[in-house]
Amino acid sequence: MEVLQNLINQTAFFNGTMDWRSYVMILVAFLFLYLAIKKGYEPLLLIPIAMGMLLVNIYPSIIEEGGLLHYFFMLDEWSILPSLIFLGVGAMTDFGPLIANPKSFLLGAAAQFGIFSAYLLAIIMGFNGKEAAAISIIGGADGPTSIFLAGKLGQGHLMGSIAVAAYSYMSLVPIIQPPIMKLLTTKKERAIKMEQLRPVSKLERILFPIVVTTVVCLLLPSTAPLIGMLMLGNVFKESGVVKQLAETASNAMMYIVVILLGTSVGAKTSGAEFLVPATLKIVVLGLVAFAVGTAAGVLFGKLMCIVTKGKVNPLIGSAGVSAVPMAARVSQKVGSEADPTNFLLMHAMGPNVAGVIGTAVAAGVFMAIFGV
């Protein structure tokens, strides 16, 4: 009986490590798993996050010093995993649409308005400057940059909430964006067909990442880990002389990093730390930032449509948030609903890639402001 009593006391039900908040977060983990497996919402992100969430709410010591996921999370705080994610993204991304249509940079920049509006709103809601800056990056729908900036600004206590909010909105892009896009555009605007993009030479593709790295890092040196890794991956891809490195960065390494980053992020969502008023504020601020960024991109797209006398479909402006390539696919989907023969994907990839660069630049601006 004594042996049985010891066994029972060691279970999660009776060892004193769980309360009602832990059970709530376990249910949230189950919801994330359902959305990832059944609905197909970004399973590569949501499954590791959900499993990390499940583990930490059953066995909190797994994220404490000495626990397995503690060491995974240290790689987040040291900005290693976010930077490696950017390396993989660069190796997978085609910058051709952005090079062919440089005006896409303007749409990518317009979508960053959500970040700075969320920063001001977070200040109003009582967060200090660094906290507000870390939270506001959620508006770019860019999980790695959100984690990177939170670590650089010393906001580890908010990293779990920020990362989960950022990755949740990334996975929910197909649900959140279309209503905003349809509200701000007419069917006639959504049906606009854009001219085919010009061919981009190999020399342009090779020079682009090198020039962007040089210019951006000279102006904002603190962006070097993100911009540098993003463009390094792209140089691997476009140079054509290191195919093994490009394949490794975009496949094996990328998947390993996603596993480490996803589980460690999920493990920062223990019920005691996550279910607090600040988390609710962060979730709301992230949604507002993302919605404002989407709306700003679409409205700037409408302005470009007017200036070009109907040559720009405003829908591509919504892709200015940096959820690559999901936001571009959403622009394509909404456009094809208005006209099944409309093909906007490549046009939307320009603002989408510009958004990745823009969000990293926004993070650099905040680091410069706070002297990091």
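Here we look at the overall build of the protein chain
Here is step 1 of the chain: When helices and strands are tallied, the protein chain shows 21 helices and 0 strands.
Here is step 2 of the chain: Computed over the C-alpha atoms, the radius of gyration of the protein chain is 21 Å, within 12% of the 21 Å expected from 2.2 N^0.38 for a compact globule of 372 residues.
Here is step 3 of the chain: In terms of its C-alpha atoms, the protein chain occupies a principal-axis envelope of roughly 80 × 45 × 40 Å.
Here is step 4 of the chain: Counting all 372 residues of the protein chain, 56% fall into the buried class.
Here is step 5 of the chain: The contacts in the protein chain between residues at least 6 apart in sequence include a share of 77% that link residues at least 24 apart.
Here is step 6 of the chain: Surface summary for the protein chain: the accessible area is close to 16200 Å², and the carbon and sulfur share equals 71%.

Considering the layout of surface pockets
Here is step 1 of the chain: The space that makes up the largest pocket amounts to roughly 640 Å³.
Here is step 2 of the chain: If you go around the largest pocket, you meet 26 residues; those closest to its centre are Val89, Met92, Met254, Val324 and Pro325.
Here is step 3 of the chain: Counting residues per element, the ones that place at least two in the lining of the largest pocket are α3 (43-58), α5 (80-92), α11 (156-171), α17 (252-266), α20 (326-338) and α21 (345-369).
Here is step 4 of the chain: Per-element tally for the lining of the largest pocket: the top contributor is α5, with 4 residues.
Here is step 5 of the chain: Considering the residues around the second largest pocket, the lining is formed by 18 residues, among which Val28, Phe32, Val164, Ser168 and Val283 are closest to the centre.
Here is step 6 of the chain: Within the residue set of the lining of the second largest pocket, elements represented by two or more residues are α2 (20-37), α11 and α19 (277-307).
Here is step 7 of the chain: Examining the composition of the lining of the second largest pocket, we find that 6 residues originate from one element, α11, more than from any other.
Here is step 8 of the chain: Within the lining of the second largest pocket, the residues separate by chemical class into 14 nonpolar, 4 polar and no charged.

As for unusual backbone geometry
Here is step 1 of the chain: In the Ramachandran plot, Ser79 falls in the positive-phi region, its phi being about 65° despite a non-glycine side chain.
Here is step 2 of the chain: Checked against the element boundaries, Ser79 lands in the loop between α4 (68-77) and α5.
Here is step 3 of the chain: Look at Ser79 and you get buried, because its relative accessible area is 5%.
Here is step 4 of the chain: In the Ramachandran plot, Lys309 falls in the positive-phi region, its phi being about 60° despite a non-glycine side chain.
Here is step 5 of the chain: Of note, Lys309 is situated in the loop between α19 and α20.
Here is step 6 of the chain: Given a relative accessible area of 77%, Lys309 falls into the exposed group.

Topic: the packing of α5 against helix α15 (residues 224-239)
Here is step 1 of the chain: Packing of α5 against α15 leaves a shortest axis separation of 6 Å and a crossing angle of 30°. Note on packing geometry: the crossing formed by α5 with α15 is right-handed. Contacts from Pro82, Ser83, Phe86, Leu87, Val89, Gly90, Ala91 and Met92 in α5 reach Pro225, Leu226, Met229, Leu230, Leu232, Gly233, Asn234, Phe236 and Lys237 in α15.
Here is step 2 of the chain: Here the residues of the contact of α5 with α15 sort into 12 nonpolar, 4 polar and 1 charged.

Remarks on the pattern of salt bridges
Here is step 1 of the chain: Counted by the stated rule, this structure contains 9 salt bridges.
Here is step 2 of the chain: Between Asp19 and Arg21 there is a salt bridge, with the nearest N and O atoms lying 2.7 Å from each other.
Here is step 3 of the chain: Under the relative-accessibility criterion, Asp19 is labelled partly exposed at 26%.
Here is step 4 of the chain: Judged by its relative accessible area of 24%, Arg21 is partly exposed.
Here is step 5 of the chain: For Arg205, the salt bridge is made with Asp94, and the minimal N-O distance between the two is 2.5 Å.

Topic: the packing of α5 against α17
Here is step 1 of the chain: Packing of α5 against α17 leaves a shortest axis separation of 9 Å and a crossing angle of 145°. Considering the relative orientation of α5 and α17, their crossing is left-handed. Here α5 contributes Leu81, Pro82, Leu84, Ile85, Leu87, Gly88, Val89 and Met92 to the contact with α17, which in turn contributes Met253, Met254, Val257, Val258, Leu260 and Leu261.
Here is step 2 of the chain: Split by residue class, the contact of α5 with α17 holds 13 nonpolar, 1 polar and no charged.

Let's talk about the packing of aromatic side chains
Here is step 1 of the chain: Taken as a whole and assessed by the stated rule, the structure comprises 4 aromatic pairs.
Here is step 2 of the chain: Ring geometry for Tyr119 against Phe366: centres 5.1 Å apart, planes inclined by 45°, an arrangement best described as tilted. A residue pair is termed long-range when its members are at least 10 positions apart, and Tyr119 in helix α8 (residues 113-124) and Phe366 in helix α21 qualify at 247 residues. Accessibility classification places Tyr119 together with Phe366 in one group, the buried group.
Here is step 3 of the chain: What links up through ring pairs into an aromatic cluster is the set Phe95, Phe105 and Phe208.
Here is step 4 of the chain: Sitting over the face of the ring of Phe127, Lys281 holds its NZ or CZ atom 5.8 Å from the ring centroid.

Points about the side chain of Ser83
Here is step 1 of the chain: Residue placement: Ser83 occurs in helix α5.
Here is step 2 of the chain: Among residues more than four places away in sequence, those in contact with Ser83 are Phe148, Pro225, Leu226 and Met229.

Topic: the confidence of the model for the protein chain
Here is step 1 of the chain: Summing up the model confidence of the protein chain, the mean pLDDT is 90 and the portion of residues at 70 or higher is 98%.
Here is step 2 of the chain: Helix α14 (residues 202-219) holds the highest mean pLDDT among the elements of the protein chain, 96, whereas helix α1 (residues 2-10) holds the lowest, 74.

Basis of the calculations
Residues numbered from 1 in each chain as written. Predicted model: local features only at pLDDT ≥ 70, side-chain atom pairs only at ≥ 80, totals over all residues. Heavy atoms only, no water. Helix = DSSP H or I, 4+ residues; strand = E, 2+ residues; numbered from the N terminus. Rg over C-alpha atoms; globule rule 2.2 N^0.38 Å. Buried < 20%, exposed > 50% of the residue type's maximum accessible area, 1.4 Å probe, protein only. Contact = heavy atoms within 4.5 Å. Areas by Shrake-Rupley, 256 points an atom, 1.4 Å probe, with all protein chains shown as cover. 1 Å grid on protein atoms, 1.4 Å probe; cavity = no way out; pocket = protein on both sides within 12 Å on 5 of 7 lines; lining within 4 Å. Points joined across faces, edges and corners; volume = space filled by probe spheres on them. Nonpolar A, V, L, I, M, F, W, Y, C, P; charged D, E, K, R; others polar. Axes fitted to C-alpha atoms, helices over the stretch in contact; angles between N-to-C directions. Left-handed = near helix turned anticlockwise from the far one by under 90°. Salt bridge = Lys/Arg side-chain N within 4 Å of Asp/Glu carboxyl O. Phe/Tyr/Trp six-rings, centres within 6.5 Å; stacked < 30°, edge-to-face > 60°. Lys NZ or Arg CZ within 6 Å of the ring centre and 35° of its normal. pLDDT = per-residue confidence, 0-100.

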